[in-house]
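Structural description and commentary
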Amino acid sequence: VKPWLWPALERRLRRALPPVRAASVAGDLLEDFDRRCRRDGRLRAEWWLRREVRSTAAAYRAGERRGPRHAARSRRGVATASPLDGLMFDFRLALRSLRRQPALTAVIVATVGSAVAANTALFSIFDGLLFRPLPYRDAERIVRIGTRQAFAEAQLASGAAGRNALIDSLETSPLLVERTRVLQGLLFEDGAQGVADLDLRPADVTPAFFELFDIEPTAGRVLSDEDLAMPVDPRRVMIGYDLWQARFGRDTGIVGRTINLPGAMFGRRFLVVGVMPRDVRFPDGAELWVVSDERPGSFNHARLAEGVTIDQVRGFWPGLEVTTLREATRPEGAYALGVLLASTGLLLLVAWVQVAALLFARAAGRARELGVRLAIGAGRRRLIRQFATEGALVAAGALGLAVMVAPAVTSAVVTLLPPEITRGHGLQPDGRTLLFAGALSLAGVLVLALAPIEIVRRSSPLGLMRAGGFSGVGQGAARLRFGLLAAQLAITATLLYMAGLSAGSFRAAGLVELGFAAEGVVGIQLPPTTLVGSTSVERRAHLDRQVQRWAETPVALRAVPGVEAAAGGRLPFHSSVYFGGGGLPLSVPGRDEPIPVDYAPITPDYVRVMGLRVTEGRAPGHDELGDGVQLALVNTSLARQLSAVGPVVGQRVTVNRRDVTIAGVVDDVVMARPDRPVAPLVMTLLQNPQGGYVLARLAPDAPLASTLDAIRTALDRVWPDNPSREVMLVSDLADRAIADYRARAVLLGLIGALCLPLALAGIAGALSYATSQRVREIGIRMALGAAPADIRRRVLGRAFTAVSLGLVVGLAGGMLMGRLMSSYLFGVRPIDGWTIVGAAAVLILTAWAASILPARRAARIEPAQALREG
Amino acid sequence: MPDSRSSSSPLGEFEVVVLLAVLHVLERGEAAYGSSIRDEIESRGGRPVARGAVYITLDRLEDKGLLSSRQAPGPPVRGNRPRRIFKVTAAGMRGVRQSLGLVARMQSGLEPILGDLS
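On a predicted model such as this, the values are computed, not experimentally measured, just so you know. (Residues numbered from 1 in each chain as written. Chains lettered and ligands numbered in written order. Predicted model: local features only at pLDDT ≥ 70, side-chain atom pairs only at ≥ 80, totals over all residues. Heavy atoms only, no water.)

Helix and strand counts for chain A come out as 29 helices and 24 strands. Looking at chain A as a whole, 49% of its 870 residues are labelled buried. In chain A, the proportion of contacts linking residues at least 24 apart, taken out of those at least 6 apart, comes to 80%. Accessible area for chain A stands at about 40,200 Å²; split by element, carbon and sulfur atoms hold 57% of it. (Helix = DSSP H or I, 4+ residues; strand = E, 2+ residues; numbered from the N terminus. Buried < 20%, exposed > 50% of the residue type's maximum accessible area, 1.4 Å probe, protein only. Contact = heavy atoms within 4.5 Å. Areas by Shrake-Rupley, 256 points an atom, 1.4 Å probe, with all protein chains shown as cover.)

Attention now moves to the confidence of the model for chain B. Residues and elements named next belong to chain B. Averaged over every residue, the pLDDT of chain B is 85; residues scoring 70 or more account for 91%. Summarising per-element confidence for chain B, the mean pLDDT is lowest in helix α5 (residues 111-114) (81) and highest in strand β2 (residues 83-88) (93). Scored by ipTM, the complex comes to 0.86, with pTM at 0.57. (pLDDT = per-residue confidence, 0-100.)

Moving on, we get to the pattern of salt bridges. Residue and element names in this part refer to chain B. For the coordinates displayed, the defined rule picks out 38 salt bridges over all chains. Residue Glu40 pairs with Arg44 through a salt bridge whose shortest N-O separation is 2.8 Å. Remark: Arg44 and Glu40 occur in helix α2 (residues 34-45); sequence separation between them is 4 residues, near one turn of the helix. Judged by relative accessible area, Glu40 falls into the buried class, the value being 5%. (Salt bridge = Lys/Arg side-chain N within 4 Å of Asp/Glu carboxyl O.)

Attention shifts here to helix α2 (residues 19-40) of chain A. With 22 residues, α2 of chain A should reach 32 Å at 1.5 Å per residue; the first-to-last C-alpha distance of 31 Å fits that figure. One or two positions beyond α2 of chain A, positive phi appears at Gly41 of chain A, with a value near 95°. (Expected span 1.5 Å × (residues − 1).)

Time to look at the pairing of strand β12 (residues 301-304) of chain A. Residue and element names in this part refer to chain A. Residues of β12 alternate between two faces, with His301 and Arg303 on one and Ala302 and Leu304 on the opposite face, all of them buried. Direction of pairing for strand β1 (residues 142-146) relative to β12: antiparallel, over a ladder of 3 bridges. In the strand pairing of β12, Val143 is matched with Ala302. Bridge analysis of strand β2 (residues 176-180) against β12 gives 4 bridges, and the strand direction is antiparallel. (Pairing = 2+ DSSP bridges.)

Along helix α26 (residues 775-783) of chain A, the residues classified as buried are Ile778, Gly779 and Met782 of chain A. Buried positions in α26 of chain A, seen along its axis, are confined to an arc of 105° and lie on one side of it. (Arc of directions from axis to C-beta.)

All names here are of chain A. Between helix α24 (residues 730-737) and helix α25 (residues 739-773), the shortest axis-to-axis distance is 5 Å and the interhelical angle comes to 55°. Between α24 and α25, the crossing angle belongs to the class labelled oblique. Contact residues: Asp735, Arg736 and Ala737 in α24; Ala739, Asp740 and Arg742 in α25. Taken together, the residues that form the contact of α24 with α25 break down as 2 nonpolar, no polar and 4 charged. (Axes fitted to C-alpha atoms, helices over the stretch in contact; angles between N-to-C directions. Parallel < 35°, antiparallel > 145°, perpendicular 65-115°, else oblique. Nonpolar A, V, L, I, M, F, W, Y, C, P; charged D, E, K, R; others polar.)

Judged by side-chain charge, Glu211, Asp225, Glu226 and Asp293 of chain A come together as a negatively charged surface patch. Looking at where Asp293 of chain A falls in the secondary structure, it is placed in the loop between β11 (288-291) and β12. (Patch = residues over 30% accessible without salt bridge, like charges linked within 9 Å, V, L, I, M, F, W, Y side chains within 5 Å. Lys, Arg positive; Asp, Glu negative; His and termini not counted. Charge placed at Lys NZ, Arg CZ, Asp CG, Glu CD.)

Grouped together as the largest cluster of nonpolar side chains are 44 residues, with contacts concentrated most on Leu29 and Leu49 of chain A together with Leu19, Ile37, Leu58 and Leu67 of chain B. Of all the secondary structure elements, the ones that give two or more residues to this core are α1 (6-16), α2 and α3 (42-63) of chain A together with α1 (13-27), α2, α3 (51-63) and β2 of chain B. (Core = buried A, V, L, I, M, F, W, Y, C linked by side-chain atoms within 4.5 Å.)

Counting residues at the interface gives 26 residues for chain B and 30 residues for chain A. Taken over both partners, the interface formed by chain B and chain A buries close to 2,400 Å², and the fraction arising from carbon and sulfur atoms is 50%. Together, Arg51, Ile56 and Arg81 of chain B form the three largest contributors to the area buried by chain B at its contact with chain A, with a combined 28%. Scanning the region where chain B abuts chain A turns up 10 salt bridges. In this structure, the salt-bridge partner of Arg38 of chain B is Glu52 of chain A, at a minimum N-O distance of 2.5 Å. One can count 16 residue pairs in polar contact (both at pLDDT 80 or more) joining chain B with chain A. Mapped onto the side of chain B that touches chain A, the elements with two or more residues apiece are α2, α3 and β2 of chain B. Residue contributions to the side of chain B that touches chain A peak at 10 residues, all from α3 of chain B. Among the residues forming the side of chain B that touches chain A, the class breakdown is 10 nonpolar, 5 polar and 11 charged. (Buried area = accessible area lost by both parts, 1.4 Å probe. Polar contact = N/O pair within 3.5 Å; in protein donor to acceptor, adjacent residues only side chain to side chain.)

A word on a nonpolar patch on the surface. A surface patch of nonpolar side chains, amounting to about 240 Å² of accessible area, comprises Met88, Phe91 and Leu95 of chain A. Along the polypeptide, Phe91 of chain A turns up in helix α5 (residues 83-100).

This part covers the confidence of the model for chain A. All names here are of chain A. This prediction gives chain A a mean pLDDT of 78; 81% of its residues lie at or above 70. Here helix α4 (residues 68-79) stands out as the element of chain A with the lowest mean pLDDT, 39, in contrast to strand β19 (residues 631-635), whose mean of 90 is the highest. Low pLDDT (under 50) marks residues 468-473, which in the prediction has 20 contacts with non-local residues, meaning those over four places away or in another chain. Predicted confidence for residues 576-581 stays below pLDDT 50, and this span has 15 contacts to residues more than four positions away or in other chains.

Let us now look at the packing of aromatic side chains. One pass over the full model with this rule turns up 6 aromatic pairs over all chains. With centroids separated by 5.1 Å and ring planes inclined at 85°, the aromatic side chains of Phe209 of chain A and Phe210 of chain A adopt a geometry described as edge-to-face. Take Phe209 of chain A: its relative accessible area is 0%, and that puts it in the buried class. Between Phe316 of chain A and Trp317 of chain A, the ring centres sit 4.8 Å apart and the planes meet at 85°, which makes this aromatic pair edge-to-face. Members of the aromatic cluster, each reached through a chain of ring pairs, are Tyr136, Phe209, Phe210 and Phe213 of chain A. Across from the ring centre of Trp47 of chain A, 4.7 Å away, lies the NZ or CZ of Arg50 of chain A, which sits over that ring. Taking NZ or CZ as reference, Arg83 of chain B lies 4.0 Å from the ring centre of Tyr33 of chain B, over its face. (Phe/Tyr/Trp six-rings, centres within 6.5 Å; stacked < 30°, edge-to-face > 60°. Lys NZ or Arg CZ within 6 Å of the ring centre and 35° of its normal.)

Residues and elements named next belong to chain A. Relative to the elements of secondary structure, Arg179 occurs in strand β2. Despite its burial, Arg179 pairs with no opposite charge; the closest candidate is Glu171, at 4.2 Å N-O. Within the local environment of Arg179, its side chain forms a polar contact with the backbone oxygen of Leu170, the two atoms lying 3.0 Å apart. Here Ser173 takes part through its backbone oxygen, which lies 2.9 Å from a polar atom of the side chain of Arg179. With near-sequence residues (within four places) excluded, Arg179 lies in contact with Leu170, Glu171, Thr172, Ser173, Ala208, Glu294, Phe299, His301 and Ala302.

In this section: a positive patch on the surface. Residue and element names in this part refer to chain A. On the surface, a cluster of positive charge is contributed by Arg11, Arg12, Arg15, Arg50, Arg51, Arg54 and Arg61. Counting residues per element, the ones that place at least two in the positive patch are α1 and α3. It is α3 that provides the largest number of residues to the positive patch, a total of 4 residues. Here Arg50 lies in helix α3. The class of Arg50 is partly exposed, set by a relative accessible area of 31%.

All names here are of chain A. Pairing within the open sheet is antiparallel, and its 4 strands lie in the order β2-β12-β1-β13. Pairing within the sheet leaves two strands with one partner each, and these edge strands are β2 and β13 (321-324). Averaged over all adjacent pairs, the angle separating strand axes in this sheet is 30°, with direction ignored.

So, on to the sheet that holds strand β23 (residues 693-698) of chain A. Residue and element names in this part refer to chain A. Overall, antiparallel pairing links the 4 strands, which are arranged β15-β23-β14-β24 in an open sheet. Either end of the sheet is taken by a strand with one partner, and the two such strands are β15 (563-569) and β24 (727-729). The average undirected angle you get between the axes of adjacent strands in this sheet is 25°. By the bridge criterion, 3 bridges tie strand β14 (residues 521-525) to β24 in an arrangement that is antiparallel. Directly across from Gly523, in β24, lies its bridge partner Met728. Where helix α20 (residues 536-558) meets the sheet, it contacts β14, β15 and β23, and its direction lies at approximately 165° from that of β15. Contacts from helix α23 (residues 704-718) reach β14, β15, β23 and β24, with the element oriented near 145° to β24.

Okay, here's the thing in structure tokens:
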């Protein structure tokens, strides 16, 4: 009985042993095999036989006729063929070959390392903003519920009864199992508001919050119903993990202590009952949580009952705005960043292509070595293994570099992004994102490290040795190299084009005619109406005092030196109920359908403060506002619709259950977002502000800082016990409104900026390589009379062929990407002439800069020397 | 490559072991060929011996003239592959005696230290 593998084994023996011996040794082996088969079974005997043949052949090869000691040593030599020893051998070999070219190795490691680090940073940000699961139990069942619109509609349709019915159904429906109210900011019992101008962000929640979000305190306990009944000074709070770490050094002894938070909280005292978990910063980066009572129908977050879908809830209460918590906490415009995710993928690709080119150059330099090794019998698998080991070593180095650099890169990118987008999210690289970016890049590196083998395989060892380079391989290698370069340039062009489109959108959004002079306008949010006091008389008195102060505020501001005018009214770009939200119905006699409008009560000076231009009619003064007649201003958008009914000025319309007479028309004013069309707006005129905002226009020559200080002092005087310290510049708010455009422009610009040096290195490397391969040809050309300028032109021409090819393909890709991201573009079309010109110019300039050196070096080639050496 | 050392030079340890193994097999009246010699060494030495080392040593001893070999047909399982049967030559016997004699002389008197060697 012969084993099936016997012929191969015998061939092996014949190769290693002298022919005279081979037959008898083979016979002995077969005899022993037969015995073993009977003793141990066929399978084990075959294993034994294979091992035996291998060791005998190896012993003969290494120790033939050298005596037993050598034979014994050669047995150890056989042992090195075990996988682990082989790996160590490959590892040492790879290390040696990498050390032989330290500069090249460093460039490769740095390229891959920084690409991985950059991608880790970008992935971490996208991951944090978009994908990282929310740190709450069953977070997908938590929804945010916006009730205002539904309540307003119910009220409008059937008065208080309709509203109460809606509240009842919301509070008792089995569709929702847990409900809580979450507010940003913090209202004190006397109406003072903890504000957000310092780095502390308070949140006011109901005790159900901690259950609904399933919060496990890091220290202490969560707030509960009992805390509601406790005295309000000191107020019981939970503090955020970051605050705990930064101000209290993670001291668990803080629990049960009374702390003082000067500044933001007017020196109020707080009793810390617990510390929040590290990753909970809800809502909106909160760091301080207090509880207060819940009124019926005031909840705005709830948990869906088991098996209930969000669509069922939406269908049940049509007017309700129901969003998943994920959508609600995802920053405005963050989805847009998804486009950027694709761009980071492109960045990775650029780095790969770059590395492929470098590794290719390495392989080219080693052609002779490879030829020799092939000639003396190195197998293809052997060489592939070595290339793979080198690739893995490079990858490990790069990953190490990335681990060190990634956190710094991430925080750098985060600081470049608008805080509106990044606040409240843990944007730090973690193992997940590092692994993701690393695996993507490193898999690519490994594959590309093996690419040279393909070329080596197709060429003969002799050709490799003789040519000392890949010229022996023919045109294939050169074409591959050129293709890699063109691909890289194409990706770079695509990214530059996308960055250009985003920058253009940002610019266009910033240039939108706002319809008013935002510069020099400041806004202050007034404390809202609160019911304070135990009896109705006390409450009435408190409210009267509040009304009095509202009226005094503009007067006090007008007295501040540097303030030209002050008025009550809407503060543009500050979140408000009616703006951009579909609006209130405005009914017009003679028109069946009500017009949905934005609504804002203002005082007469608002027109002056905002610098609104009256185009029709007039802006009434204070003296014209009587008891009987309600006057209003409308914007051009609304006037256009009203003019279908009759002359606009003097028309009587009904809005917010009031009859008003239109006194004038003002230009359209951007109040919400510059990139959205202006909604129809009606502004009713009031003698004095009633809550809301007070705005002031500063004189053009007024020094900003001292005027703002004076304004704060004036506010302190009017509101001694609860001053609102947040004085907002409208121009800042306008900037903030287009923060997502800025974010995209910055990020894409950054990615583009990262690609440019890679492109530079790619072009320079390719040209240097091409020149070094053609020294002889250039020498002959020069010997035949070519001027150095001709040579230079030839080298530059090569670069520009690659650049033009890259530009054509890349810009086409850019336009395609532009179409995909068209909803994030504003004021530029996906195919934009200026952006094309700009991207092309940048790339051509880069190519030119990259070619100078190789071109000059080529032109300096000494013909005689080149011919002698070539 | 012919060996430079003369046949009178002391043998290496493994060479002596192989020669003794051949003698043992012959003593039992069996045919001394590669496998049986190796089995003999392994069963007496108690540890595995590389097949290659045995063959190389046999070749070497034959080159030195201490062993002689002839081809003989083996059992059918070998499929026509001859057995190489070894015999110890007179020089071989002399060499073994010399080596063992040297060892025995060196060893005598050390029994209290070395103890029982078998």
